[in-house]
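Okay, here's what each chain looks like letter by letter:
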Amino acid sequence: MKKLLMVLALASVSVAGMAQDETPVLKHSVATNSFWSNWFIQANVAGTAFYGSQEEPLGLSKSPLKDFRTNLGASVAIGKWFTPGLGLRTKVNGIWGRTVISGDKETNASKYWVAQEQVLFNLSNMLCGYNPTRVWNFIPYFGGSIARNMSYNSYAMGLNVGILNTFRLSKHVAVNFDLSFAGYEPDFDGDGRVFSDKRFSMKGKDRTFSAEIGLTFNLGKATWNKVPDVEAIKALHQSELDALNAQLADAQNDRDAWKTKFESHKCPEVKESAPVIKTIAAPVSVFFNIGKSKIASRKDMQNVKELAEVAKNENSKIVVTGYADSKTGSAEFNQKLSQKRAETVADELVKMGVSRDNIEVVAKGGVADLTPVSYNRRATVAIK
């Protein structure tokens, strides 16, 4: 057991050093994933040292490597990351333990299990920015637990803290090395005696130190999407609008030239007319937040206003098409949401002076046309 713990500690230090030297830093904001994304499961071999509340008069060595304190066990866990930096984990560990009532490991042998609920903080992502290819992730955690000593048929509550280190092998697999400390009520090891004068101090608790090594398996979607670059999208729309304005100016010049040519013509049979020039306008997008039909940024409406002016000048119809992303919500919900988004933009066009009779509203429901999925949360405005 002593050799195992020393090997685990050395492996953690050496691999952590390599991870810090080789991992590039990549900072960007990420979009919220669905509930079913970013789950993981873990399986570990654990080495645990046990300290009892009844030890004080025994004069036993405090070394966590003594065989009368230590035993091997196992643990399994399931958890979910809600953001790149914050997650929850449910963990069960145990099997073989020690009730430290003597210096003899056979006398001390017992069996137990502990169920823990823990809050995880990925400091690597929180402090250095999210990086999907980072080799080493440093993850402190804390939580509460309930334990049962099966050999003595006793239960106890406890608190635990620890540091989880994960080392990436691939997108879905990582090696994890976990160091933890836990304190329990005195009945944890089956011997509820407390010989310390300070019953509520740590000496009055049953305690464990654990070192675990195993594998983490990331389930389903294991990464986070970068949020849409709204400014880049707006810049693209602005360039399309500038091209539209230039086209409109050319059309106006052509129209004036035709008018001048007609007025100078001497044939009395020719009646005054001007060529009808139809302006072709690029569609404009208006974006929405997830599950909402309220326009996310009023700046999007500037492009819509320019397009509305073109439509009014040409007496053209306008088609407003609403969309939702198919990754979020049911088909029925997305159909209604896309309808509401289209109606919201149509109402804005009416406020800009466009006749409701010249506006056609279409609801496309949930789609997956664009990547990332957040781009699909929109309504488009186009001249028909």
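Everything that follows concerns the structure shown earlier in this document.
What you see is a predicted model; the values in this text were computed from it and never measured.

Asker: Lay out empty space enclosed by the protein in plain terms, naming residues and giving numbers.
Answerer: Any space left empty among the atoms is revealed by the rolling of a water-sized probe across them. This model, assessed by the stated rule, comprises 5 cavities of 30 Å³ or more. Taken as a whole, the largest cavity spans an internal volume of roughly 470 Å³. Taken together, 28 residues line the largest cavity, and the ones lying closest to its centre are Trp81, Asn122, Asn137, Asn218 and Ala222. Listing elements by their share of the lining of the largest cavity, those giving two or more residues are β1 (39-51), β5 (136-149), β6 (154-168) and β8 (206-219). With 4 residues, the top contributor of residues to the lining of the largest cavity is β6. Looking at side-chain class alone, the lining of the largest cavity contains 14 nonpolar, 11 polar and 3 charged residues. Empty space within the second largest cavity amounts to approximately 110 Å³. Lining the second largest cavity are 17 residues; nearest its centre among them are Asn93, Gln116, Ser180, Thr208 and Ser210. Looking at the lining of the second largest cavity, the elements with two or more residues in it are β3 (86-98), β4 (109-121), β7 (173-184) and β8. When grouped by side-chain class, the residues that make up the lining of the second largest cavity number 7 nonpolar, 8 polar and 2 charged.

Asker: Please give an account of the sheet that holds strand β11 (residues 359-367) that cites residues and values.
Answerer: Strand order across the open sheet formed by 4 strands is β9-β12-β10-β11, with mixed pairing between neighbours. Two strands bound the open sheet, and with one partner strand each, they are β9 (284-287) and β11. Here the strands of the sheet are splayed against their neighbours by 20 degrees on average, with no regard to which way each runs. In the sheet, strand β10 (residues 318-325) pairs with strand β12 (residues 378-383) via 5 bridges, with the strands oriented antiparallel. Its bridge partner lying in β12, isoleucine 318 is registered against isoleucine 383. Contacting β9, β10 and β12, helix α5 (residues 300-314) crosses the sheet at an angle of about 145 degrees to β9. Of the strands in this sheet, β9, β10, β11 and β12 touch helix α6 (residues 331-351), which is tilted by about 150 degrees from β11.

About the criteria used
- Residues numbered from 1 in each chain as written.
- Predicted model: local features only at pLDDT ≥ 70, side-chain atom pairs only at ≥ 80, totals over all residues.
- Heavy atoms only, no water.
- 1 Å grid on protein atoms, 1.4 Å probe; cavity = no way out; pocket = protein on both sides within 12 Å on 5 of 7 lines; lining within 4 Å.
- Points joined across faces, edges and corners; volume = space filled by probe spheres on them.
- Helix = DSSP H or I, 4+ residues; strand = E, 2+ residues; numbered from the N terminus.
- Nonpolar A, V, L, I, M, F, W, Y, C, P; charged D, E, K, R; others polar.
- Pairing = 2+ DSSP bridges.
- Axes fitted to C-alpha atoms, helices over the stretch in contact; angles between N-to-C directions.
- Contact = heavy atoms within 4.5 Å.

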